[in-house]
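Results of the structural survey
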Amino acid sequence: MRKAVLMAIVPASFLTPFTLSSVNVALPSIGNELKVDAITLNWIATAFLLSSAMFLVPFGRLADIKGRKKIFVLGMVIFTVGSLLSGLAFSAEMLIAFRILQGIGGAMIFATGIAILTSVFPLKERGKILGINVASVYTGLSLGPFFGGILTQNFGWRSVFLVNVPIGIFIVILAALKLKAEWADARGESFDFIGSVIYSLMLLFIMLGFSESNLSFLFAGFSLLLLFIFWESRIDHPILEIELFKRNATFTLSNLAALLNYSATFAVAYLLSLYLQYIKALTPQQAGFVLVSQPVMQALFSPFAGWLSDRVEPRVVASAGMAVTALGLLIFSTIDENTKLSLIISNLMLMGFGFALFSSPNTNAIMSSVERKFYGLASATLSTMRVVGQMLSMAIVMLIFAIYIGKALITPKIYPLLLESTRTSFAVFSVLCFFGIFASLARGRVR
């Protein structure tokens, strides 16, 4: 059954982030056909992230109680249906609604995938298997813009969504027929509905506050965060075990390191895509060929990094990866119009190696630091760190662009401002990653 689990979880782990990042390339085509403004386009891009973040932890807890296979298969069905409907949408409002549906399905997949792998494979193989899974996630995120551009250019923007449907159907059939267990290690415990509502609203307001630069939303979000901590600390079966964060430094600091890493790195492909196409005048396909050098390194070295973290303390390997990534971001903060493509490709390969060294050992440290009954919760918490980090990464870029460029169209006379805002973004990201090194080192020993 282990082979079947791997064949179901790894493609699902690729598919959801692939969709997330490939849609960004299709946005101009969507805007032209559906006649929507930039703000609406932003909602089309972020609706998936927002709904995923809101439901990840509740579904992770529900999976621990009702069964991880059940939630995974249902999530795959919802994601596939959401992809089909998104590809058939004839208005922006419909597309946003179906992207929210996609995100709910994605939350169910994110919340259960790593937990199922951790439940099935023994401790001595865990790092290697998680490395393979991390490679699929990062490869999906990084290859999305490249293949999304090819699909959009040759088959139209709807193909970016419709390509998910046959793959989704295959995964659903495989998981339903071949996965024999449910892996419900918290079966019989109650589900905290009130806590789930507070948690979802908290994230909604916090993310709206950052994306819309709205202080009222941020105040409401952080007020709900305090209410959530108060509520979760006083019930028997919370959706988020607050005590786990208080008593488990490895779990807390590893999740913080993941949040900082994703906040510092998710917008890299977006920034370089603009730089390569505007400043370097490359075509979308040529830019894709340059950007693919990063995921190739991640895919090659993530399994090795996972294997290494089974033999060396994960915090050592992950911290080294964070340091390499910080160095790469610092190098990118110096780029200008004369920077050679060979340097950009080499630095992307360096960062891909850093991502690989960080991600699988960090995931291994998180999953190895909790009891078996918390696997779903731990998996969902890590996925939440990823999704929130991705949104924060884009929010930082949008804020910096707003300061330097404002609402102006990106024309040749704006290129110097685009370059300056790109360098500033990379500088900020390198500082975030630098602090992430200390969060990673401070987590303590796992074994």
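Higher on the page you've got the structure.
Residues numbered from 1 in each chain as written. Predicted model: local features only at pLDDT ≥ 70, side-chain atom pairs only at ≥ 80, totals over all residues. Heavy atoms only, no water.

Looking at the overall build of the protein
- Assigned secondary structure in the protein consists of 18 helices and zero strands.
- Taking the principal axes of its C-alpha atoms as reference, the protein extends roughly 65 × 50 × 45 Å.
- Split into buried and exposed, the 447 residues of the protein put 58% on the buried side.
- Sequence separation of 24 or more characterises 84% of the internal contacts of the protein that already satisfy a separation of 6 or more.
- When the accessible surface of the protein is split by element, carbon and sulfur atoms take 70% of a total near 17500 Å².
- Taking the 32 positively charged and 20 negatively charged side chains of the protein as two groups, their mean positions are separated by 8 Å. (Helix = DSSP H or I, 4+ residues; strand = E, 2+ residues; numbered from the N terminus. Buried < 20%, exposed > 50% of the residue type's maximum accessible area, 1.4 Å probe, protein only. Contact = heavy atoms within 4.5 Å. Areas by Shrake-Rupley, 256 points an atom, 1.4 Å probe, with all protein chains shown as cover. Lys, Arg positive; Asp, Glu negative; His and termini not counted. Charge placed at Lys NZ, Arg CZ, Asp CG, Glu CD.)

Thoughts on the packing of helix α1 (residues 2-34) against helix α4 (residues 92-120)
- Two elements in contact, α1 and α4, have axes separated by 10 Å at closest approach and are oriented at 160°. When the axis of α1 is compared with that of α4, the two are roughly antiparallel. Between α1 and α4 the crossing geometry is left-handed. Across the interface between the two elements, R2, V5, L6, I9, A12, T16, P17, T19, V23, I30 and L34 from α1 touch A92, L95, R99, Q102, G106, I109, F110, G113, I116, L117 and V120 from α4.
- In terms of residue class, the contact of α1 with α4 is made up of 15 nonpolar, five polar and two charged. (Axes fitted to C-alpha atoms, helices over the stretch in contact; angles between N-to-C directions. Parallel < 35°, antiparallel > 145°, perpendicular 65-115°, else oblique. Left-handed = near helix turned anticlockwise from the far one by under 90°. Nonpolar A, V, L, I, M, F, W, Y, C, P; charged D, E, K, R; others polar.)

Description of the packing of aromatic side chains
- One pass over the structure, following the stated rule, counts 14 aromatic pairs.
- Centre to centre, the rings of F14 and F18 are 5.3 Å apart; their planes meet at 20°, and the pair counts as stacked. Of this pair, F14 and F18 both sit in helix α1, four residues apart, roughly one helical turn.
- Overall, the relative accessible area of 25% leaves F14 in the partly exposed class.
- Three or more aromatic residues link up through ring pairs in this structure, and these residues are F434, F435 and F438.
- Against the face of F110 rests R386, its NZ or CZ located 4.6 Å from the ring centre. (Phe/Tyr/Trp six-rings, centres within 6.5 Å; stacked < 30°, edge-to-face > 60°. Lys NZ or Arg CZ within 6 Å of the ring centre and 35° of its normal.)

Considerations on unusual backbone geometry
- Located in the positive-phi region is A281, a residue other than glycine, with phi close to 60°.
- Its place among the elements puts A281 in the loop between α12 (268-279) and α13 (284-291).

Re the pattern of salt bridges
- Counted by the stated rule, this structure contains three salt bridges.
- Between D64 and R68 there is a salt bridge, and its shortest N-O distance comes to 3.0 Å.
- Classification of D64 by relative accessible area gives buried; the value is 1%. (Salt bridge = Lys/Arg side-chain N within 4 Å of Asp/Glu carboxyl O.)

Section: the packing of helix α11 (residues 249-265) against helix α16 (residues 341-368)
- With their axes 9 Å apart at the nearest point, α11 and α16 run at an angle of 150° to one another. Viewed along their axes, α11 and α16 adopt a mutual orientation that is roughly antiparallel. Both α11 and α16 take part in a crossing whose hand is left-handed. Between α11 and α16, the residues in contact are T250, F251, S254, N255, A257, A258, N261 and T265 and F355, F358, N362, A365 and I366, respectively.
- Grouping the constituent residues of the contact of α11 with α16 by class yields seven nonpolar, six polar and no charged.

Geometric descriptors of this kind do not, in isolation, establish any biological role.
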